[in-house]
Amino acid sequence: MGAYARASGVCARGCLDSAGPWTMSRALRPPLPPLCFFLLLLAAAGARAGGYETCPTVQPNMLNVHLLPHTHDDVGWLKTVDQYFYGIKNDIQHAGVQYILDSVISALLADPTRRFIYVEIAFFSRWWHQQTNATQEVVRDLVRQGRLEFANGGWVMNDEAATHYGAIVDQMTLGLRFLEDTFGNDGRPRVAWHIDPFGHSREQASLFAQMGFDGFFFGRLDYQDKWVRMQKLEMEQVWRASTSLKPPTADLFTGVLPNGYNPPRNLCWDVLCVDQPLVEDPRSPEYNAKELVDYFLNVATAQQAKGSSVHVLYSTPACYLWELNKANLTWSVKHDDFFPYADGPHQFWTGYFSSRPALKRYERLSYNFLQVCNQLEALVGLAANVGPYGSGDSAPLNEAMAVLQHHDAVSGTSRQHVANDYARQLAAGWGPCEVLLSNALARLRGFKDHFTFCQQLNISICPLSQTAARFQVIVYNPLGRKVNWMVRLPVSEGVFVVKDPNGRTVPSDVVIFPSSDSQAHPPELLFSASLPALGFSTYSVAQVPRWKPQARAPQPIPRRSWSPALTIENEHIRATFDPDTGLLMEIMNMNQQLLLPVRQTFFWYNASIGDNESDQASGAYIFRPNQQKPLPVSRWAQIHLVKTPLVQEVHQNFSAWCSQVVRLYPGQRHLELEWSVGPIPVGDTWGKEVISRFDTPLETKGRFYTDSNGREILERRRDYRPTWKLNQTEPVAGNYYPVNTRIYITDGNMQLTVLTDRSQGGSSLRDGSLELMVHRRLLKDDGRGVSEPLMENGSGAWVRGRHLVLLDTAQAAAAGHRLLAEQEVLAPQVVLAPGGGAAYNLGAPPRTQFSGLRRDLPPSVHLLTLASWGPEMVLLRLEHQFAVGEDSGRNLSAPVTLNLRDLFSTFTITRLQETTLVANQLREAASRLKWTTNTGPTPHQTPYQLDPANITLEPMEIRTFLASVQWKEVDG
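Residues numbered from 1 in each chain as written. Predicted model: local features only at pLDDT ≥ 70, side-chain atom pairs only at ≥ 80, totals over all residues. Heavy atoms only, no water.

Draft legend 1. Summary view of the sheet that holds strand 19 (residues 508-511). As summarised here, the arrangement of the three strands in space is 16-20-19, forming an open sheet in which the pairing is antiparallel. This sheet does not close on itself; its edge strands, each paired only once, are strand 16 (483-490) and strand 19. For this sheet the average axis-to-axis angle between neighbouring strands, irrespective of direction, equals 30°. Sheet analysis places strand 16 next to strand 20 (residues 524-531), joined by eight bridges and oriented antiparallel. Opposite Pro 490, over in strand 20, you have Glu 524 as the bridge partner. (Pairing = 2+ DSSP bridges. Helix = DSSP H or I, 4+ residues; strand = E, 2+ residues; numbered from the N terminus. Axes fitted to C-alpha atoms, helices over the stretch in contact; angles between N-to-C directions.)

Shown next as structure tokens:
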């Protein structure tokens, strides 16, 4: 997020150690190379490990001070990605990445002792492709010598709060593959490096460990946590980042940088810094070399005995880590995470968990579409890339999605024009994937048609279904198990007949919505689609001519105090609404005979613009309400009821800018709440932060639970931190946590879980209560560098989303929320066609149904990745999606064994190699540095064996494979 740091230093975005936001120059100025920050280490002798052979020599019995020259290059923030790379719009921020890299190479060549690290491969790969062959060889040689070292190596330095683990893995894989292809093993980073993200998740550390990193360094740490750690000398420790994976699988050595990403005070010599330059001529009246050297030594020896002999060297994070490892020390262990982050008493960075909800949803939808694109590219092979619809390609969307993981992108913390550019990149990536899907579907279905991708179904717009008298609906299921999915399509009024892949008529309904605006709320056709694993079903839709419309219109429900309670129900759930207020008041799980009073409605926090305690305002990063108690959007809702054989809905209207549909389908075990919020009115000069809140009588003892990047669950406790005594200064914002896919409360017997369709901030601010922030619109900047209030006047002003509510026993709840979250993230993809297309191959019969698997995967196994990796090779990731102790009475936490030999229907695996999580090392050859912890020795890992017919997954384990494949002829 910080302003661009350049080769000669770094920048601050409200850092405590800086006077204000800094920007750094685009060029080194020899003979004073970058002095970004330093770490302290007492050197110890030891042997060299693989990948560390090029590290500089340290001096035994001296204090070795490692200077780590680096640059921090935001992949979009105040300027767009292209503006930063080319150095455009320098009136906004003086930054041009291409010039940084040019000057770094020159400076490295000028002095063989210099070293430099680079991180953001989105920029480096672009720069690399613009270089001459001669320059590329020079750079390869610098990398080979270890003087230009890559840290982290992802496409971006991703956010850790609003990112889904699948997208994190994808963007890291993209960057690390570029380094592997370009530099081989010399370019493989040994250290993960997150110096700017605003809080750090446990799952991120677990993923880094599984990617093969030896250590992890980050910059931002809660100000109270940092003070305690500095007193205890615990700025470095081993992070045990999973409660399911056996140590040391998810163990990661982790260090907190002493100055964030800044050099120490008074030691910044960038052209835009104001620190005094070094004057070495003793004849000059400005001579200050001795004073600066003494100051530097005092800083370096601040935590050492005075009088230590000091050896200063240019180094890298990996080389510093290697020296720490050789010291053979014993380290403490951390089990929780680093959320929420605050850089001052009233400055909690918990607003960005919810900022720009429309962009957060677009990113999540794009993740879904990318996985569909990847899967069909892998299942069909070259015919998906080159076919009757042109050249299809997954790469543009893959790169756009990688950019969106940047810590100022999906986080919602960029300027508005940059957020617009992020959306532009996603949209540009969808196009080549739509061509790929068209080629693949034509190949698999056996005939060509004019495929239509209705990207605005969330606002009931789809021109083909709204104008055609007959059309086909192809529904693709990206999950490895069968799914029943309710299809909803906007149509014109009338009666429709829907037929399944076998030509049998299936039940359908047309529902009219409670609005006089038929264009904004057209009738919708509903029917349930049965979808095979990793495959599609084709349904045909035809309007019945000259029939009188039989559409179901919703009935308004008058508000009378004597009215009986209003209910919607199916065979599993009953939801009851208060007739006086129109609000949800009770949920019943009829299978378990669980009854829970639940009151759900919308509130808003009045955003602070500063007060007597602090001038801190709410903004894109910071959440700070001006009072603890939120205000209700309305104390009651006008309601309309819809009941048909295929759906039961209560339409609630709270205000002109806030409404909701509470919905139940047959067979559904959860309650769906589809909310619409915006544009949030701010004409009263009050910024508003809108929440959906669920209040129950559950005795939760201050505890609630949130997911970590969509995977493992962490317990949260109100006004509490596991590793230090919290001085709580913001009772609302200081208890907010990132919710990537779910949040729940439980009394040990009954559990209420709410799943989200995008990342949001959430909390439980009193026992039995649970809230999620759905939208924010603010009138003042929060002083963290953006210098622009979070207003969202464009398409992001009005947002629609869904919360899925599950009520179950605490023991059985995991089976529900794990499988439902999987289905929500990878929902079926709907593609329309008018029908009547030509045969793909003459004589080939058409196919109306297809599965890419010969057998369904077990419910505990998730197909995380199926993607093309090159000619006749695919990347495959299989994941056990249950944690230890989540058996739910169905043994879902038990290890599961798969046979991959004949799992896929369109290709045969001829060779299988297992790799680390990001596919840049063979698993059998991968090794990591070992660390001694104060919890005792870690168990020895079992000898590695690979049998494609016997692949076992332990709880929460992800196994990654590169498979050589031979595609089969597709029948039809």
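Draft legend 2. Up close: the nonpolar core. Counting 209 residues, the largest nonpolar core has Phe 124, Val 473, Phe 527, Leu 671, Leu 866, Leu 900 and Phe 904 as the members making the most contacts within it. Ranked by residues supplied to this core, first place goes to helix 13 (residues 416-445) with twelve residues. Leave out the neighbours within four places in its chain, and Phe 527 touches Val 473, Trp 485, Met 486, Val 487, Val 498, Val 506, Pro 507, Ser 508, Tyr 539, Val 541 and Leu 646. Of all hydrophobic cores here, the second largest spans 24 residues; its members include Cys 55, Val 191, Leu 257 and Leu 929. (Core = buried A, V, L, I, M, F, W, Y, C linked by side-chain atoms within 4.5 Å. Buried < 20%, exposed > 50% of the residue type's maximum accessible area, 1.4 Å probe, protein only. Contact = heavy atoms within 4.5 Å.)

Draft legend 3. The arrangement of the sheet that holds strand 49 (residues 958-967) in detail. Within the open sheet, the four strands sit side by side as 43-44-49-46. Their pairing is antiparallel. Looking at the sheet topology across the chains shown, the edges are occupied by strand 43 (861-870) and strand 46 (907-915). Going from strand to strand, the sheet's axes swing by 25° on average, the running direction of each strand aside. Pairing geometry for strand 43 and strand 44 (residues 873-880), over eight bridges, is antiparallel. Bridge assignment links Ala 867 to a residue of strand 44, and that residue is Leu 875.

Draft legend 4. Fine view of unusual backbone geometry. Residue Pro 340 is reached from Phe 339 by a cis peptide bond, and omega for that bond is -10°. Positionally, Pro 340 belongs in the loop between strand 12 (333-334) and helix 10 (357-380). For the peptide bond that leads from Gly 678 to Pro 679, omega is -15°, which places it in the cis range. As for its position among the elements, Pro 679 is in the loop between strand 31 (671-677) and strand 32 (688-695). Positive phi, normally seen in glycine, also occurs at Ser 460, with a value near 60°. Within the secondary structure, Ser 460 is located in the loop between helix 13 and helix 14 (463-467). Even without a glycine there, the phi angle at Asn 709 is positive, about 55°. Locating Asn 709 in the fold gives a position in the loop between strand 33 (703-707) and strand 34 (713-717). Taking the relative accessible area as the measure of exposure, Asn 709 reaches 3% and is therefore buried.

Draft legend 5. Examining the side chain of Glu 879 more closely. Relative to the helices and strands, Glu 879 resides in strand 44. Owing to a relative accessible area of 2%, Glu 879 belongs among the buried residues under this scheme. At 2.7 Å, the side chain of Glu 879 and the side chain of Tyr 165 are in polar contact. Aside from chain neighbours lying at most four places away, what touches Glu 879 is Tyr 165, Arg 711, Ser 860, Val 861, His 862, Leu 864, Leu 953, Glu 957 and Ile 958. (Polar contact = N/O pair within 3.5 Å; in protein donor to acceptor, adjacent residues only side chain to side chain.)

Draft legend 6. Examining the environment of Val 825 more closely. By secondary structure assignment, the location of Val 825 is in helix 15 (residues 813-825). For the pair formed by Val 825 and Gly 166, sequence separation is 659 residues and the distance between their alpha carbons is 9.9 Å. Ignoring sequence-local partners within four residues, the contact set of Val 825 consists of His 164, Arg 364, Tyr 367, Asn 368 and Thr 741.

Draft legend 7. Representation of the packing of aromatic side chains in the model. Scanning all chains against the criterion turns up 43 aromatic pairs. Measuring from centroid to centroid gives 4.9 Å for Phe 218 and Phe 338, while their planes differ by 65°, and the two rings are edge-to-face. Within this pair, whereas Phe 218 is found in strand 6 (residues 215-218), its partner Phe 338 is found in the loop between strand 12 and helix 10, the two being separated by 120 residues in sequence. When its relative accessible area of 0% is taken as the criterion, Phe 218 is described as buried. For the pair Phe 527 and Tyr 539, a centre-to-centre distance of 5.3 Å together with 40° between the ring planes defines the contact as tilted. Of the two residues, Phe 527 sits in strand 20 while Tyr 539 sits in strand 21 (residues 535-544), which places them twelve residues apart along the sequence. With respect to class, Phe 527 is no different from Tyr 539; both count as buried. (Phe/Tyr/Trp six-rings, centres within 6.5 Å; stacked < 30°, edge-to-face > 60°.)

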